[in-house]
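Here is what each chain is made of, one letter per residue.
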Amino acid sequence: MARRIDVTGAGGLRLAAWEFADPPKPGSDPAEGRADARPGAPGVLLLHGLMGRASHWASTARWLAARHRAVALDQRGHGQSEKDPEAAYTREAYVEDAEGALEQLGLAPAVLVGHAMGALTAWQLAAKRPDLVRGLIICDMRASALGAASQREWAQWFRAWPVPFATLADVRKWFGEDDPWVERPSPARGAFYAEVMRESADGWRPVFEPEQMLRTRESWVYDAHWEELAQVRCPTLVVRGVDGELGRAEAQEMVRVLPAGEYAEVPDAGHLAHYDLPGAWREAVGPFLDQALGD
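Residues numbered from 1 in each chain as written. Predicted model: local features only at pLDDT ≥ 70, side-chain atom pairs only at ≥ 80, totals over all residues. Heavy atoms only, no water.

1. Quick word on the overall build of the protein
When you go through the protein residue by residue, the secondary structure sums to eleven helices and ten strands. The globule rule puts the C-alpha radius of gyration for 295 residues at 19 Å, and the 18 Å found for the protein is close to it. Once the C-alpha set of the protein is aligned to its principal axes, its extents read approximately 50 × 45 × 40 Å. Per-residue burial over the protein gives 54% buried out of 295 residues. Within the protein, contacts between residues at least 6 apart in sequence are counted, and of these 71% link residues at least 24 apart. Within the protein, one finds 32 positive and 43 negative side-chain charges whose respective centroids are separated by 2 Å. (Helix = DSSP H or I, 4+ residues; strand = E, 2+ residues; numbered from the N terminus. Rg over C-alpha atoms; globule rule 2.2 N^0.38 Å. Buried < 20%, exposed > 50% of the residue type's maximum accessible area, 1.4 Å probe, protein only. Contact = heavy atoms within 4.5 Å. Lys, Arg positive; Asp, Glu negative; His and termini not counted. Charge placed at Lys NZ, Arg CZ, Asp CG, Glu CD.)

2. Some details on the nonpolar core
Nonpolar side chains tend to gather and get buried jointly when the protein is soluble and globular. By size, the foremost hydrophobic cluster in this structure holds 68 residues, and its most contacted members are M51 and W123. For this core, the element with the most residues is helix α3 (residues 117-128), which contributes eight residues. Excluding residues that lie within four positions of it along the chain, M51 makes contacts with H78, W154, W157, F158, W161, Y193, V196, F208 and M213. Of all hydrophobic cores here, the second largest spans 29 residues; its members include L46, W57, V111 and W281. (Core = buried A, V, L, I, M, F, W, Y, C linked by side-chain atoms within 4.5 Å.)

3. Let's talk about the confidence of the model for the protein
Here the protein averages 93 in pLDDT, and 93% of its residues register 70 or above. Segment residues 28-37: pLDDT under 50, and 17 contacts once partners within four positions in sequence are set aside and those in other chains are kept. (pLDDT = per-residue confidence, 0-100.)

4. Digging into the pattern of salt bridges
Taken as a whole and assessed by the stated rule, the structure comprises 17 salt bridges. Of the charged contacts in the structure, one is a salt bridge between E99 and R129, with a shortest N-O distance of 2.7 Å. Pair noted here: E99 is in helix α2 (residues 91-105) and R129 is in the loop between α3 and β6 (133-139), with a separation of 30 residues, a long-range link. Here R256 and E253 are joined by a salt bridge, their closest N and O atoms 2.7 Å apart. Here R256 and its partner E253 are both found in helix α9 (residues 248-257), three residues apart, which amounts to about one turn of the helix. By relative accessible area, which is 30% here, E253 ends up partly exposed. Connected through salt bridges with shared partners, the residues E99, E103, K128, R129 and D131 form a single ionic network. (Salt bridge = Lys/Arg side-chain N within 4 Å of Asp/Glu carboxyl O.)

5. As for the packing of α2 against α3
Contact geometry of α2 with α3 gives a least axis separation of 9 Å together with a crossing angle of 70°. Considering the angle they form, α2 stands roughly perpendicular to α3. Along the contact surface, α2 presents R91, Y94, V95, E96, A98, E99 and L102, while α3 presents M117, L120, T121, Q124, L125 and K128. A breakdown of the residues in the contact of α2 with α3 according to their chemical character gives seven nonpolar, two polar and four charged. (Axes fitted to C-alpha atoms, helices over the stretch in contact; angles between N-to-C directions. Parallel < 35°, antiparallel > 145°, perpendicular 65-115°, else oblique. Nonpolar A, V, L, I, M, F, W, Y, C, P; charged D, E, K, R; others polar.)

6. Description of helix α5 (residues 168-178)
Within α5 the residues assigned to the buried category are V171, W174, F175 and G176. On its buried face, α5 sits against α4 (147-160), α6 (187-194), β7 (197-200) and β8 (203-206).

7. Some remarks on the environment of L214
Of note, L214 is situated in helix α7 (residues 210-221). Not counting residues within four places of it along the chain, the set of residues in contact with L214 comprises Q151, W154, A155 and F158.

8. Some points on unusual backbone geometry
Residues A108 and P109 are joined by a peptide bond in cis, for which omega reads -5°. By secondary structure assignment, the location of P109 is in the loop between α2 and β5 (110-115). In this model, A116 sits at a positive phi of 55°, which is unusual for a non-glycine residue. By secondary structure assignment, the location of A116 is in the loop between β5 and α3. Overall, A116 belongs to the buried group, its relative accessible area being 9%. Even without a glycine there, the phi angle at D268 is positive, about 65°. The topology assignment puts D268 in the loop between β10 (261-266) and α10 (273-276).

9. Details of α4
Under the 1.5 Å per step criterion, the end-to-end length of α4 is 21 Å for 14 residues, consistent within 8% with the ideal 20 Å. Buried residues of α4: G147, S150, Q151, W154, A155, W157 and F158, and no others. Down the axis of α4, the buried set is contained in an arc of 160°. They therefore lie on one face. Across from the buried face of α4, at angles greater than 90 degrees, the exposed residues are R152 and R159. Where the residues of α4 are buried, they touch α5, α6 and α7. (Expected span 1.5 Å × (residues − 1). Arc of directions from axis to C-beta.)

Structural data, given as structure tokens:
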């Protein structure tokens, strides 16, 4: 079960926020298990990464919904949020969107849980508005600059996509097996990208515009973000998939820079740890969330 709530982002852009909760079991109280069953429950805002969408957090949100109010946001240009080509796709806009979502949804002070780009948005917001954030989870996002070569590689990668895909099965196969960036077959990766495709007249295409994704990425890849990380005062957990993009040394340096940093890793997981291995992900972040949310 999913409930959509529209919120207004920077510049008046319409954003879609989602509460996920399993339907009540037969014979149980209809309110039991609903995301809104506990007024005043501690809030959690879940922020996906570049090219992601709120539904990628569905498993985590359902797990949290029994005790907390967990909301996942389709960030601008993603999912079912607006994709106005004239809108700003800057760091400032993404941070203002998350800030507005916290305030409009009444979640603050909340725990922010971010993956990749969403994690950067989360820690930039925590540095900017510490009054809105009680805790932070950073999943597989680097604080160091990635540079121009990385941006060129991404542009080349987008051009390599064999769009339109004839079927969703073709989407899953290409991103899970045939993509040159795949080191070994990954059904979860294929499923992840299948969730961000929509059917058009000539086949399956991404719900986002690749050019907007490159513009979004360009707003952070050339800069390091250590200074903003050091300004985050709330308890923060840095999580990495052992085979992900965030290396152990950099992750541990991020923990050292953070005033209240902790470290966790998800064995056998890659960049999509929360999506690929949800059980191991919950084990890694559960103790931190219990403490941050007052359980």
